[in-house]
Amino acid sequence: MKRRQFLALSLFNPLFGFANSHAKTGLVLDDMFLQHQISPAHPEKPARYQAIKQQLHKSQLINKTHSIKPIVDAEQWLTLVHSQQHIEKIKQQQPETHKNAVFATASVLAAVDAVCQGQVTNAFCASRPPGHHAMNTGQEEGFCYYNHIAIAARYAQQQYKCKKVLIIDWDYHHGNGTEWAFYSDPSVLYFSTHDMFAYPGTGLPARTGEGAGKGFNINVHLDCGATDNDIITAFQNELLADAERFSPDLILISAGFDSRKDDLLGCHTISDQGFIQLTKMVKSIANKHCQGKIVSLLEGGYNIDGNASAVEAHVSALIDR
Ligand SMILES: [Zn+2]
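Residues numbered from 1 in each chain as written. Predicted model: local features only at pLDDT ≥ 70, side-chain atom pairs only at ≥ 80, totals over all residues. Heavy atoms only, no water.

(A) Here's a closer look at the coordination of the zinc ion. Within the first shell, the zinc ion binds the protein through Asp171 (OD), His173 (ND1) and Asp258 (OD), at distances of 2.0 to 2.1 Å. Every donor residue of the zinc ion comes from the same chain, spaced as D-x1-H-x84-D. In this pair, Asp171 is assigned in the loop between strand 4 (165-169) and helix 7 (176-182) and Asp258 in the loop between strand 7 (250-255) and helix 9 (272-289), connecting sequence segments 87 residues apart. (Donors = N, O, S within 2.8 Å, 3.2 Å for Na, K, Ca; no water. Helix = DSSP H or I, 4+ residues; strand = E, 2+ residues; numbered from the N terminus.)

So, in C-alpha cells, the structure goes:
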C-alpha cells in the first residue's frame, strides 16, 4: 500500500486507528525519587521507588516506554494551586523535602508536556512524595506537600488546549486536596473511589461539588474488603456516564496502589488484574474523547513488592494497544 493511501485509510477508517498506530507510553523514572525520607521506619519510603524501578527493568517494560525527563524550574507552577504562604512554610521548615516534592511536580508537568505535545500518547510517573492530600495548610498532609495532580490539571488548562480535565483517583484514601482544589470548578471532573472511614475522614458521596462545580465531584465509598468487582462496578455505574457527558480533553490518574490487596495502610483487596481492567476502562474513555491522552502518577502504595507489581500491571496496560 502506498503511504498516501495508508494515511487516507488511517484518517478515515476507524479500523486503522490513526492515533493508536502511533501510540507510545512515556515513563518518568529518576533516582531523585529516592531522596525523600520522612524517617527510616516510615511507610512512604525510598524503597517504594527502588522496587518499582527494579520491577520495570526485570519485566523489560522499560524497553517499551519512552523516557521523559522532569522539567526545569517547576517551582513557578506551584502557585497554580498553592498559596505563597504554604510554599514558604514548607521551604523554610523542610528545605530538602521542598526540593524533592518540587521535583515530583516537575516530573508530572514534563509528562503533561510530552502527552499534550503528542510525543507520547500516555505516561506514568513513578514519582514520590505523593500529592493528593496537599492543600494550603503550610504543612505536610498525609505524606503530601504539593498537589502534583491538581497543579498538572491547571498547567494543562493554561499551557495547552486541555480545558476539561478528568481526574480519576483509585488510591485507598480520599484525595481531599484534589477535591478542595476543584470543588466549585466545572472544568475539572474529580472521581474518587476510597474508604471514607480511613484517613483523612473525608470523601462522603453526598459531597458533589458547589456552585458552578455542582455535579463535578464524585465520591464513591468502598468498604473494607472491596474487591475487583466492587471497584469495576463503581467505575461502570458512577463514572462512565458522567465522563461521557463531560467529554474530557485530558485524563489524569492519581494511581495509588494502597487499594491493592495486602497493603500496609489499606484494606481493599484489588488485584493486579483489577488495576489492568481499570486502566483499560480509563483508556477507552481517553480513546473516545481525547486521542488517548492520559497522565498517570503514583500516589500511595505501601507494600513494597505489591506496589511494584501493581505498577508493572498498570504500565503494561498503558502500553498495551
Ligand atoms: Zn493512599
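(B) Examining the environment of Gln158 more closely. Tracing the backbone shows Gln158 in helix 6 (residues 148-159). Sequence-wise, Gln158 and Lys24 are 134 residues apart; in three dimensions their C-alpha atoms are separated by 24 Å. Not counting the four nearest positions on each side in its chain, Gln158 is found in contact with Trp77 and Leu80. (Contact = heavy atoms within 4.5 Å.)

(C) View of the packing of aromatic side chains. In total, this model carries ten aromatic pairs according to the counting rule given. Summarising the aromatic geometry, the rings of Trp170 and Phe275 are spaced 5.9 Å apart at their centres and angled 45° between planes, so their arrangement reads as tilted. With a gap of 105 residues between them, Trp170 in the loop between strand 4 and helix 7 and Phe275 in helix 9 connect regions that are remote in the sequence. The residues Trp170 and Phe275 share a single accessibility class, namely buried. Considering the side-chain rings of Phe191 and Phe235, the 5.1 Å spacing of their centres and the 80° angle between planes classify their relative orientation as edge-to-face. Placement of Phe191 in strand 5 (residues 188-194) and of Phe235 in helix 8 (residues 228-246) is noted, with a sequence separation of 44 residues between them. Owing to a relative accessible area of 0%, Phe235 belongs among the buried residues under this scheme. These aromatic residues form a ring-pair network of at least three members: Phe33, Tyr49 and Phe103. For Lys164, the ring lying beneath its charged end belongs to Phe246, and the centroid distance is 5.9 Å. (Phe/Tyr/Trp six-rings, centres within 6.5 Å; stacked < 30°, edge-to-face > 60°. Buried < 20%, exposed > 50% of the residue type's maximum accessible area, 1.4 Å probe, protein only. Lys NZ or Arg CZ within 6 Å of the ring centre and 35° of its normal.)

(D) Just the pairing of strand 3 (residues 122-125), in detail. Burial along strand 3 is two-sided: Asn122 and Phe124 and Ala123 and Cys125, pointing in opposite directions, are all buried. Where strand 1 (residues 25-28) and strand 3 come together, four bridges link them in parallel fashion. Note that in strand 3 the partner of Gly26 across the bridge is Ala123. (Pairing = 2+ DSSP bridges.)

(E) Geometry of the nonpolar core. Judged by nonpolar contacts, the single largest core of 90 residues is most densely connected at Trp170 and Phe235. Per-element tally for this core: the top contributor is helix 5 (residues 95-116), with twelve residues. Residue contacts for Phe235: discarding those within four places in its chain leaves Ile168, Trp170, Phe191, Thr193, Leu240, Leu278, Met281 and Val282. (Core = buried A, V, L, I, M, F, W, Y, C linked by side-chain atoms within 4.5 Å.)

(F) A look at the environment of Val295. With respect to the element layout, Val295 can be found in strand 8 (residues 294-298). Note: C-alpha distance between Val295 and Phe124 (171 residues apart in sequence) is 6.1 Å. The residues touching Val295, leaving out its near neighbours within four places in the chain, are Val108, Ala111, Val112, Val115, Ala123, Ile251, Leu252 and Ile253.

(G) Representation of the state of the cysteines in the model. The tally for this structure, following the rule as stated, stands at one disulfide. Here Cys224 engages in a disulfide with Cys267; their sulfurs sit 1.8 Å apart. On the sign convention where negative is left-handed, the bridge of Cys224 and Cys267, at about -120° about the S-S bond, is left-handed. Residue Cys224 is located in the loop between strand 6 (217-221) and helix 8, and its partner Cys267 is located in the loop between strand 7 and helix 9; the two are separated by 43 residues in the primary sequence. Of the residues examined, Cys224 reaches a relative accessible area of 51% and is grouped as exposed. Take Cys290: it sits in no disulfide, and the sulfur closest to it among the cysteines is that of Cys162, at 7.8 Å. Since its relative accessible area comes to 1%, Cys290 is described here as buried. (Disulfide = S-S within 2.5 Å.)

(H) Local environment of helix 10 (residues 304-319). Between its first and last C-alpha atoms helix 10 spans 23 Å; for 16 residues at 1.5 Å apiece the expected length is 22 Å, and the two agree. Packing partners of the buried residues in helix 10 comprise strand 1, helix 3 (46-58), strand 3, strand 7, helix 9 and strand 8. (Expected span 1.5 Å × (residues − 1).)

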